[in-house]
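Spelled out from the first residue to the last, the chains are:
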Amino acid sequence: MSKAVRWQSWDGEGLEHMVFSDRPKGAVAEGALLSGGEARFAARYELSCHPDGRVAEARVAVVGGPQISLQSDGDGLWRNSDGKRVPALVGASDVDLSASPVTNMLTIRRLGLAEGESQEITAVYVRLPDLEITLDRQRYTCLEAGRRYLYEAVDGTFKAEIETEENGLITLYPGLFRRVS
């Protein structure tokens, strides 16, 4: 399966185009985004997953700015583009790009939660446009199987009810993104 999707930022100024491919060796999401608001930037990314849905590689580049490449063994060990271990990221299973709903989609698909079920994860949080990397503990709760999920920062600083299609593609992320095609 290969599908192209576009999301618009909530303020209507930003746009993201993503192509998602579900492959036997693991899903791949490739995209480009143009931010709106005060911090205007453009970026491109490619996220490749292991067959179980955990992120295997994340490459992010800000046009005219920084870029990163991280690889995971799928068991929480991460390496940078030089092949060196990144001890600060040990234990993370997912990646969360601050300016995109694509990474929420990957996590929702991977978790496969039943209605009423919750799970906490640790994600490598990549803040755009500076590409600062931190760990972020997150909780996903299935409110309606295949349709609605509650996303929460475990520290209580943020939560949102995310709407999806059956295959996990985000259709509405109130306050942040809405699908436009």
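Structure: above.
The shown structure was predicted, so the numbers you read here are calculated from the model rather than taken from an experiment.

(A) A look at unusual backbone geometry. Geometrically, the link from Leu 128 to Pro 129 is a cis peptide bond, its omega value of 10° lying close to zero. Summarising the element assignment, Pro 129 is placed in the loop between β9 (118-127) and β10 (132-144). The residue Leu 131 is not glycine, and still its phi comes out positive at about 60°. Look at Leu 131 and you get buried, because its relative accessible area is 6%.

(B) Region of interest: helix α1 (residues 102-111). Burial analysis of α1 places nine of its 10 residues in the buried class, which makes it a mostly covered element. Of the residues making up α1, those classed as buried are Val 102, Thr 103, Asn 104, Met 105, Leu 106, Thr 107, Ile 108, Arg 110 and Leu 111. Positive phi appears at Gly 112, one or two residues downstream of α1, with a value of about 55°.

(C) The side chain of Ser 21, seen in detail. For Ser 21, the location among the structural elements is in strand β2 (residues 15-21). The buried category is assigned to Ser 21, whose relative accessible area is 8%. When near neighbours in sequence (up to four residues on either side) are disregarded, Ser 21 contacts Met 1, Ser 2, Gly 26, Ala 27 and Val 28.

(D) The arrangement of the side chain of Arg 110 in detail. Considering the arrangement of structural elements, one finds Arg 110 in helix α1. Looking at Arg 110, its side chain comes within polar contact range of the side chain of Asp 94, at 2.6 Å. Those residues within four positions of Arg 110 in sequence are excluded, and the remaining contacts are Asp 52, Gly 53, Arg 54, Ser 93, Asp 94 and Ile 121.

(E) Just the packing of aromatic side chains, in detail. What the rule picks out here adds up to four aromatic pairs. Here the aromatic cluster, defined as three or more aromatic residues joined through ring pairs, consists of Tyr 140, Tyr 151, Phe 158, Tyr 173 and Phe 177. Of note, Arg 178 hangs over the ring of Trp 10, and the distance from its end group to the ring centre comes to 4.1 Å.

Calculation rules
Residues numbered from 1 in each chain as written. Predicted model: local features only at pLDDT ≥ 70, side-chain atom pairs only at ≥ 80, totals over all residues. Heavy atoms only, no water. Helix = DSSP H or I, 4+ residues; strand = E, 2+ residues; numbered from the N terminus. Buried < 20%, exposed > 50% of the residue type's maximum accessible area, 1.4 Å probe, protein only. Contact = heavy atoms within 4.5 Å. Polar contact = N/O pair within 3.5 Å; in protein donor to acceptor, adjacent residues only side chain to side chain. Phe/Tyr/Trp six-rings, centres within 6.5 Å; stacked < 30°, edge-to-face > 60°. Lys NZ or Arg CZ within 6 Å of the ring centre and 35° of its normal.

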